[in-house]
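Here's the letter readout for the chains.
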Amino acid sequence: MGKRTAAMAILAVLPLATVPVAQAQVAQPGRLLASNCFQCHGTNGKGPGFDSLAGKSTDEIYKDLKQFQSGKESNGIMARHAMAYTDEQLRLISAWFAAQK
Ligand code: HEC
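What you see is a predicted model, and the numbers here were worked out from it, not measured in a lab.

Caption draft 1: Expanded view of the overall build of the protein chain. A tally of helices and strands in the protein chain yields 6 helices and 0 strands. Reading the secondary structure of the protein chain in the N-to-C direction produces α-α-α-α-α-α. Counting the 101 residues in the protein chain, one finds 25% classified as buried. Long-range contacts, defined here as pairs at least 24 residues apart, represent 55% of the contacts in the protein chain between residues at least 6 apart. Per element, the accessible surface of the protein chain, about 7200 Å² overall, is 60% carbon and sulfur.

Here's what the structure looks like:
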């Protein structure tokens, strides 16, 4: 097989191999990370009894989480949760909750 033929063979196979994975990630970005929060904030951010996240914007949730992460404002539970995530992960989680109705 020449170089050119090999490249075409790879290009032909690539879409089939990558599309399902890409779709799974695009479907609900942040959901897997956010599932860690469901126990206390509900699967839609509305309960069962802790502070509601529903109706907040991505920026508001993200700012709250960064505040918790700094350790300056918290009862301890949220600080520990927030510390476990990177900025990018906190943004994904915030965006996911902000998108829940
Ligand atoms: C063990 C229970 C528990 C878990 C799990 C938990 N939280 Fe919390 N969350 C709380 C409590 C309690 C408060 C109120 C804390 C405070 O005011 O210091 C709170 C407050 C918040 C607030 C501030 C809401 C407001 O209106 O001030 C945000 C945002 C938040 N949590 C997001 C999250 C996210 C995102 C996760 C998952 C990474 C998460 N929480 C996981 C118990 C939890």
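Caption draft 2: Focus on helix α6 (residues 87-98). Under the 1.5 Å per step criterion, the end-to-end length of α6 is 16 Å for 12 residues, consistent within 8% with the ideal 16 Å. Where α6 is concerned, the buried positions are Leu90, Ile93, Ser94, Trp96 and Phe97. Buried residues of α6, viewed axially, fall in a sector of 160 degrees; they line one side. Where α6 is buried, its residues touch α2 (31-34), α3 (38-41), α4 (58-70) and α5 (77-83).

Caption draft 3: Representation of the layout of surface pockets within the structure. Empty space within the largest pocket amounts to approximately 500 Å³. Contributing to the lining of the largest pocket are 23 residues, with His41, Leu53, Leu65, Phe68 and Met78 lying nearest its centre. Going through the elements one at a time, α3, α4, α5 and α6 are the ones with two or more residues in the lining of the largest pocket. Residue classes in the lining of the largest pocket are distributed as 14 nonpolar, 6 polar and 3 charged.

Caption draft 4: Molecular detail of the site of the ligand. Cys37, Cys40, His41, Lys56 and Met78 are the nearest of the 18 residues found near the ligand. Between the ligand and the protein, one listed contact pairs a nitrogen atom with a side-chain N or O atom of His41 at 2.7 Å. With respect to the ligand, the side chain of Lys56 contributes an N or O atom lying 3.1 Å from an oxygen atom. Under a 2 Å grid-point criterion requiring more than half of the atoms, the pocket assigned to the ligand is the largest pocket. Elements with a contribution of two residues or more to the shell around the ligand: α3, α4 and α5.

Caption draft 5: Just the coordination of the iron atom of the ligand, in detail. For the iron atom of the ligand, every protein donor is listed as His41 (NE2) and Met78 (SD), and the spread of their distances is 1.9 to 2.1 Å. The coordination sphere of the iron atom of the ligand comprises 6 donor atoms, whose angles at the metal cover 84 to 177 degrees; the geometry is octahedral. Here the residue His41 occupies a position in helix α3, and Met78 occupies one in helix α5, the gap between them amounting to 37 residues. For the pair shown, His41 and Met78 are each scored as buried.

Definitions and limits used
Residues numbered from 1 in each chain as written. Predicted model: local features only at pLDDT ≥ 70, side-chain atom pairs only at ≥ 80, totals over all residues. Heavy atoms only, no water. Helix = DSSP H or I, 4+ residues; strand = E, 2+ residues; numbered from the N terminus. Buried < 20%, exposed > 50% of the residue type's maximum accessible area, 1.4 Å probe, protein only. Contact = heavy atoms within 4.5 Å. Areas by Shrake-Rupley, 256 points an atom, 1.4 Å probe, with all protein chains shown as cover. Expected span 1.5 Å × (residues − 1). Arc of directions from axis to C-beta. 1 Å grid on protein atoms, 1.4 Å probe; cavity = no way out; pocket = protein on both sides within 12 Å on 5 of 7 lines; lining within 4 Å. Points joined across faces, edges and corners; volume = space filled by probe spheres on them. Nonpolar A, V, L, I, M, F, W, Y, C, P; charged D, E, K, R; others polar. Near = heavy atom within 4 Å. Polar contact = N/O pair within 3.5 Å; in protein donor to acceptor, adjacent residues only side chain to side chain. Sits in = over half its atoms within 2 Å of the grid points. Donors = N, O, S within 2.8 Å, 3.2 Å for Na, K, Ca; no water. Tetrahedral: all angles 85-135°; square planar, octahedral: opposite > 155°, others 65-115°.

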